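Chain residues, written in single-letter form:
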Number of protein chains: 2
Amino acid sequence: MFELNENFQKLPGNYLFATIARKIKEYTAEHPDHHLIRLGIGDVTIPLAPAVIEAMHTAVDEMSRAESFRGYGPDYGYDFLVNAIIENDYKARGVDIEFDEVFVSDGCKSDSGNIGDIFAESNLVAVCDPVYPVYVDSNVMAGRAGEYDPATGLWSNFIYLPCLKENGFIPQVPTIVPGEKTPDMIYLCFPNNPSGAAIGYKELAAWVDYARTVDAVILFDAAYEAFISDDLPHSIFEIPGAKTCAIELRSFSKTAGFTGVRCGYTVISKELIRNGIRVRDLWARRQATKFNGVNYITQRAAAAIYTPEGKTQIRATIGRYMENAKILREGLTKLGYEVFGGENAPYIWLKTRAGMSSWEFFDYLLHQAEVVGTPGSGFGPCGEGYFRLTAFGTKEASLEALERIAKLG
Amino acid sequence: MFELNENFQKLPGNYLFATIARKIKEYTAEHPDHHLIRLGIGDVTIPLAPAVIEAMHTAVDEMSRAESFRGYGPDYGYDFLVNAIIENDYKARGVDIEFDEVFVSDGCKSDSGNIGDIFAESNLVAVCDPVYPVYVDSNVMAGRAGEYDPATGLWSNFIYLPCLKENGFIPQVPTIVPGEKTPDMIYLCFPNNPSGAAIGYKELAAWVDYARTVDAVILFDAAYEAFISDDLPHSIFEIPGAKTCAIELRSFSKTAGFTGVRCGYTVISKELIRNGIRVRDLWARRQATKFNGVNYITQRAAAAIYTPEGKTQIRATIGRYMENAKILREGLTKLGYEVFGGENAPYIWLKTRAGMSSWEFFDYLLHQAEVVGTPGSGFGPCGEGYFRLTAFGTKEASLEALERIAKLG
């Protein structure tokens, strides 16, 4: 008799965004003619860059002719894309990454969900609190979470790294206490989703040092690096020693509006070794077995981001989103809100008003201002009392959202 | 200290197609001006259908304008594609599939590799011999395989279902012996890769009956159903009772030349239940957590296959491949080879000449005829002495391959 993976039964029923979607549905059913402003899910709104569109049309045409038609591509990405990544995302920042250390994929969510395949089930996982839910849920499915406590919202086997106002939403490196367990897999995401916090060289170097000391692997999600404007690391590999202790996950979703196109990549240095085995080789085997490469047209689209025109266009789009972030950040601050993020990330993280809980504030904004955001507590207990707004709406929507919130007094 | 998934270390080093690639590379280095005919890897050569190309251009243009731009899509596929699948692939064959039983993905390889996530590690796996390597390798990674015996090429914990000339390459349903273990997860692929064998209603019904009797789940890979010309089941769900014991995997790769486009889907009926839990719900959760939907343009491309023009064009392409299959099948038979498959599948499965082993025959054809195929033994011990050729080349290549083989005498 076949049995199911029993870890799935441990997952609490209501997924954050599903609950939000239900509440929106209920509200719009009651108020069918009202216009909601949606600054909840981090989805982009500005269309693809002209350079990307042109590259896609050209690639589609190639697929229409026998002499230029492409069937199965290389498992880990076409040369033209991998080389562009190495040149622009790494070499330009002083980091040497080799060709066979880059793995192109259909996105960061797939990679961050699947990367656990190559690690032992027994590894102890550390996550930030609040945190992007995929790191948690995928490890629950893999049996690394232990038991869920509905009272606290915490899993018994995870090590939580609180990200609070007091530490600037940057998790502190744990103190090593002899006899106490240390984490084996540490998930870090900077610039951060949901808090919008960005990490500095020194703070990130402290994490690299810690991981090397306790022999942990850092799973570094840099999906939002394109939004950095200050002098901060875009890649964990800018930190000396990181190649021996980190895996980096990258995405074109927010960089180039690819949420509906699906492309990202993972970098694992050949210097990341455990018991004489290159971690890179396991991921290569995993991907060659359980994945079949990325759409050719999509890879051409991604490569177009690295052309001179593509770069300029992408920069302009990011600039528009960051203008929204500035509008929201400055506007909400003026209204007396305590606001974080939005300077090197497209997320605004604010304290709710008058001691409301995150969900109370969600309902308040939905019903009183018809603005949709994301309750901070949905990302973890330390997110309670906070609220996330994204800069991915239009400028008009961002301005109107602010106006509506202002009217609440 | 983090540890790796130790199951990966059990995988034998040389992957079938990697070895073939190496041998080809060596040969072409020695004979740079010779022209090899490649009928090895099952990759398509005919460009995408005009209806598909048109749909892609239109979708690319939609992505260039704010009013029609698409960000994150539905996790399990857009309505327009899911409905087309239900209508054309199921309803047209008398099978009722509901909207939330279809999961669009980036291809059958991903789905067949990832589906194991939702099952217990303790399940006993049955695979055909010979077999598509992904079923085996993904279960090795998940810890269901036991130990590999290099002498036999078999894994200690798998139940092997021999597919031989004697049973028409259709695995026989095991006899149930009290006290003997029965399989929990049964991988079946029809029309078959590599043997090209197709299964009839009666034989497939016997497997459904067996699975229901022993409470096993059948993972039915129907990636090649479009190549069926005889009166045979295209879907396992054409068999009464299959909804309670089977999962079906489908692909557009060979149907519509999508090997470089990446799209497929998986169907799990809500009637497939274990201990009160719908298996469908687990896959839904797995995909929502570790996958982020398929490229919008790709989904438009896939939907175009179901338009009247698309259907006609796809039929014509499949007809051309099956003409190649006929050329190879009839030609090789005339040359005295014992040939199987190629009637309801794009694969030709032949006995090697003069008692050669599969790899001896591979080297013989490579060096003497400059034709590349796939050694049957690469798919499992029962494939020894067999050889696979694909019908996915051009007609000219198929004819010339035949001519070159004829010259060998």
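Here the structure is a predicted model, which means the values were calculated and not measured. (Residues numbered from 1 in each chain as written. Chains lettered and ligands numbered in written order. Predicted model: local features only at pLDDT ≥ 70, side-chain atom pairs only at ≥ 80, totals over all residues. Heavy atoms only, no water.)

## Quick look at the overall build of chain A
The number of helices and strands found in chain A is 11 helices and 17 strands. Each principal axis of the C-alpha distribution contributes one length, and for chain A these read about 60 × 60 × 55 Å. Classification of the 409 residues of chain A by burial places 63% in the buried group. When the accessible surface of chain A is totalled, it reaches about 15,000 Å², and 50% of it is carbon and sulfur. (Helix = DSSP H or I, 4+ residues; strand = E, 2+ residues; numbered from the N terminus. Buried < 20%, exposed > 50% of the residue type's maximum accessible area, 1.4 Å probe, protein only. Areas by Shrake-Rupley, 256 points an atom, 1.4 Å probe, with all protein chains shown as cover.)

## Here we look at the relation of the copies chain A and chain B
With an RMSD of 0.0 Å, chain A superimposes on chain B once it is rotated by 180 degrees and translated 0.0 Å along the axis. Such a combination of rotation and displacement between the chain copies is what one expects of a two-fold axis. Closest approach to the rotation axis among the C-alpha atoms of chain A is made by His57(A), whose C-alpha sits 3.1 Å away. Most of the interface of chain A is mirrored in chain B, where 100% of its interface residues are also at the interface. (Least-squares fit on C-alpha atoms with pLDDT ≥ 70 in both. Contact = heavy atoms within 4.5 Å.)

## Things to note about the domain arrangement of chain A
Residue and element names in this part refer to chain A. We note that the domain assignment places domain 1 (14-43 + 311-407) and domain 2 (54-306) within chain A. The C-alpha-based centres of domain 1 and domain 2 are spaced at 26 Å. Of the residues lining the interface, 28 residues belong to domain 1; the matching set on domain 2 comes to 34 residues. Counting the surface lost from both domain 1 and domain 2, the interface buries some 2,500 Å², and carbon and sulfur atoms represent 60% of this. Viewed at the interface, domain 2 and domain 1 are joined by one salt bridge. As a salt-bridge pair, Glu338 and Lys165 come within 2.5 Å of each other at their nearest N and O atoms. Scanning the region where domain 1 abuts domain 2 turns up 13 residue pairs in polar contact (both at pLDDT 80 or more). Counting residues per element, the ones that place at least two in the side of domain 1 that touches domain 2 are helix 9 (308-334), strand 13 (339-341), strand 14 (347-351) and strand 17 (386-390). (Domains from an automatic or database assignment. Buried area = accessible area lost by both parts, 1.4 Å probe. Salt bridge = Lys/Arg side-chain N within 4 Å of Asp/Glu carboxyl O. Polar contact = N/O pair within 3.5 Å; in protein donor to acceptor, adjacent residues only side chain to side chain.)

## Observations concerning the pairing of strand 9 (residues 246-251) of chain A
All names here are of chain A. Of all six residues making up strand 9, six are buried, and the element is well covered by its neighbours. Side chains of strand 9 alternate between two faces, with Ala246, Glu248 and Arg250 and Ile247, Leu249 and Ser251 buried alike. Alignment of strand 8 (residues 217-221) against strand 9, held across four bridges, turns out to be parallel. Opposite Ile218, over in strand 9, you have Ala246 as the bridge partner. (Pairing = 2+ DSSP bridges.)

## Focus on the interface of chain A and chain B
At the interface, 78 residues of chain A touch 78 residues of chain B. Across the interface of chain A and chain B, roughly 6,700 Å² is buried in total on both sides, 59% from carbon and sulfur atoms. Its largest share of buried area at the contact with chain B, chain A owes to Phe2(A), Tyr72(A) and Arg285(A), together 12% of the area lost on that side. Taken together, the connections running from chain A to chain B amount to two salt bridges. For Asp137(A), the salt bridge is made with Arg285(B), and the minimal N-O distance between the two is 3.5 Å.

## A look at the state of the cysteines
The final tally for this structure, using the stated rule, is zero disulfides over all chains. Here Cys108(A) stays free of any disulfide, with the sulfur of Cys189(A) as its closest cysteine sulfur at 7.7 Å. Not part of a disulfide, Cys245(B) finds its nearest cysteine sulfur in Cys128(B), a span of 15 Å. For Cys245(B), a relative accessible area of 1% puts it in the buried group. (Disulfide = S-S within 2.5 Å.)

## Structural notes on the sheet that holds strand 13 of chain A
Residue and element names in this part refer to chain A. The strand order across the open sheet formed by four strands is 13-14-17-16, and the pairing between neighbours is antiparallel. Either end of the sheet is taken by a strand with one partner, and the two such strands are strand 13 and strand 16 (374-375). Relative to strand 17, strand 16 runs antiparallel, the two being bridged by two bridges. From the neighbouring strand, Pro375 faces strand 17, where its bridge partner is Phe387. Against the sheet, helix 10 (residues 358-369) contacts strand 14, strand 16 and strand 17, and its axis sits at roughly 45 degrees relative to strand 17. (Axes fitted to C-alpha atoms, helices over the stretch in contact; angles between N-to-C directions.)

## Remarks on the side chain of Ser235(B)
Residues and elements named next belong to chain B. Along the chain, the position of Ser235 falls in the loop between strand 8 (217-221) and strand 9 (246-251). A relative accessible area of 0% means that Ser235 is categorised as buried. A distance of 2.9 Å separates the side chain of Ser235 from the backbone nitrogen of Phe237, its partner in a polar contact. Setting aside anything within four residues of it in sequence, one finds Ser235 in contact with Tyr90, Glu248 and Arg250.

## Quick notes on unusual backbone geometry
Residue Pro191(A) is reached from Phe190(A) by a cis peptide bond, and omega for that bond is -10 degrees. Mapped onto the fold, Pro191(A) is located in the loop between strand 7 (185-189) and helix 6 (201-214). The omega torsion of the bond from Asp129(B) to Pro130(B) falls at 5 degrees, within 30 degrees of zero and hence cis. Relative to the assigned elements, Pro130(B) resides in the loop between strand 3 (125-129) and helix 5 (133-141). Unusually for a residue other than glycine, Phe169(B) sits at a positive phi of about 65 degrees. Structurally, the position occupied by Phe169(B) is in the loop between strand 6 (159-162) and strand 7 (185-189). With a phi close to 60 degrees, Asp215(B) is a non-glycine residue in the positive phi region. Structurally, Asp215(B) is set in the loop between helix 6 (201-214) and strand 8.

## Some details on the environment of Phe392(A)
Checked against the element boundaries, Phe392(A) lands in the loop between strand 17 and helix 11 (395-407). In this view, Phe392(A) contacts Gly42(A), Asp43(A), Val44(A), Thr45(A), Phe227(A), Lys254(A), Tyr321(A), Pro346(A) and Tyr347(A); residues no more than four positions away in its chain are not counted.

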